[in-house]
Amino acid sequence: AQPVLHSAGDLLHLFFTRAAPHEAPEPAPLGGGSIYCTTSANAGQSWSADSLVLAATQDALKLTAGPLFVMEDGAWVLPFVELTAAGGAAAAVVVSRNGGASWSSSEGRIGLPEGDPPATVTLAHEGPALAMLFAATSGPTYRTISTDGGASWGGVEIATDIGKQPAVLAAEGGLQLLVTAPEVGALALAASSECGPWRSAAPSAPLPTGVDPALAIIGEHVVATCVAEKRTTVHTSVRA
């Protein structure tokens, strides 16, 4: 699973999945993995000891996090997908109200459609609500809505207005950027202002080609990344 990087002031937070031997007895159909976080105060030159965010269980063998989302009240909301030994999948969120020092898991679980498990999961503001978007490497993007900050979620529907493999970046001033992979080897960019509808956006530089797209802010630029041939990550800058 692709690691998740979040910048909070001078501190970088890196979320990742790591398997422990007791979490993934061999042979394990899905491997295993709990979600951990490590931090760096020197731009990634050194990192802290890993801290556990959410532990895998016998029922949820593998947990994969999506990009961290910061709510208007400052709460950190980290979406994740859990896969079971039986091949089922569900999505939920963990929430931190103290800058990642501690986390609480929501009780609500979103049952995901049968088929390939989601490869991406991301959050976005849509009007006054919080939307969770998830998609497998192939197939449509699905959406579910929460009106209570992720404590509970509505039904799951196909998001006909959003391309495949969505990844959302919430920038300052109410701007949200959405990158998708609507076709193999091609990325597309969309933008939303003040939680309004998504509109196609033209980047100032060509987008890379590949799968598993992601967005990040570096300085005054937005960087789009994806996985290309043999999992090589490429990137390009688009004006923020």
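Residues numbered from 1 in each chain as written. Predicted model: local features only at pLDDT ≥ 70, side-chain atom pairs only at ≥ 80, totals over all residues. Heavy atoms only, no water.

Here's the deal with the overall build of the protein
Next up, step 1: The helix and strand inventory of the protein stands at zero helices and 21 strands.
Next up, step 2: Looking at the 240 residues of the protein, the share that counts as buried comes to 45%.
Next up, step 3: Intrachain contacts of the protein at a sequence separation of at least 6 include 36% that bridge at least 24 residues.
Next up, step 4: Total accessible area computed for the protein in this model is approximately 12,200 Å², and 53% of it derives from carbon and sulfur atoms. (Helix = DSSP H or I, 4+ residues; strand = E, 2+ residues; numbered from the N terminus. Buried < 20%, exposed > 50% of the residue type's maximum accessible area, 1.4 Å probe, protein only. Contact = heavy atoms within 4.5 Å. Areas by Shrake-Rupley, 256 points an atom, 1.4 Å probe, with all protein chains shown as cover.)

Quick notes on the sheet that holds strand β3 (residues 34-40)
Hydrogen bonding along the main chain pairs the strands of a sheet, whether they run parallel or antiparallel.
Next up, step 1: As summarised here, the arrangement of the four strands in space is β1-β2-β3-β4, forming an open sheet in which the pairing is antiparallel. Both edges of this open sheet fall to β1 (4-8) and β4 (51-54), since each of them pairs with a single strand only. Here the strands of the sheet are splayed against their neighbours by 30 degrees on average, with no regard to which way each runs.
Next up, step 2: Taken together, the seven bridges between strand β2 (residues 11-18) and β3 define a ladder with antiparallel strand orientation. When the bridges of β3 are listed, L14 appears paired with T38. (Pairing = 2+ DSSP bridges. Axes fitted to C-alpha atoms, helices over the stretch in contact; angles between N-to-C directions.)

Focus on unusual backbone geometry
Next up, step 1: The residue A43 is not glycine, and still its phi comes out positive at about 60 degrees.
Next up, step 2: As for its placement among the helices and strands, A43 is situated in the loop between β3 and β4.
Next up, step 3: A43 sits in the exposed class, given a relative accessible area of 68%.

What to know about the nonpolar core
Next up, step 1: Residues V93, I110, L112, L123, M132 and W153 are the most contacted members of the largest nonpolar core, which totals 18 residues.
Next up, step 2: Looking at this core, the elements with two or more residues in it are β7 (76-83), β8 (89-96), β11 (120-126) and β12 (129-135).
Next up, step 3: Here this core takes four residues from β8, the largest share from any one element.
Next up, step 4: Once you skip the residues sitting within four places of it in the chain, V93 turns out to touch V77, L78, P79, F80, S104, S105, S106, L123, M132, G150 and W153.
Next up, step 5: With 16 residues, the next largest nonpolar core counts F15, I35, V53 and V94 among its residues. (Core = buried A, V, L, I, M, F, W, Y, C linked by side-chain atoms within 4.5 Å.)

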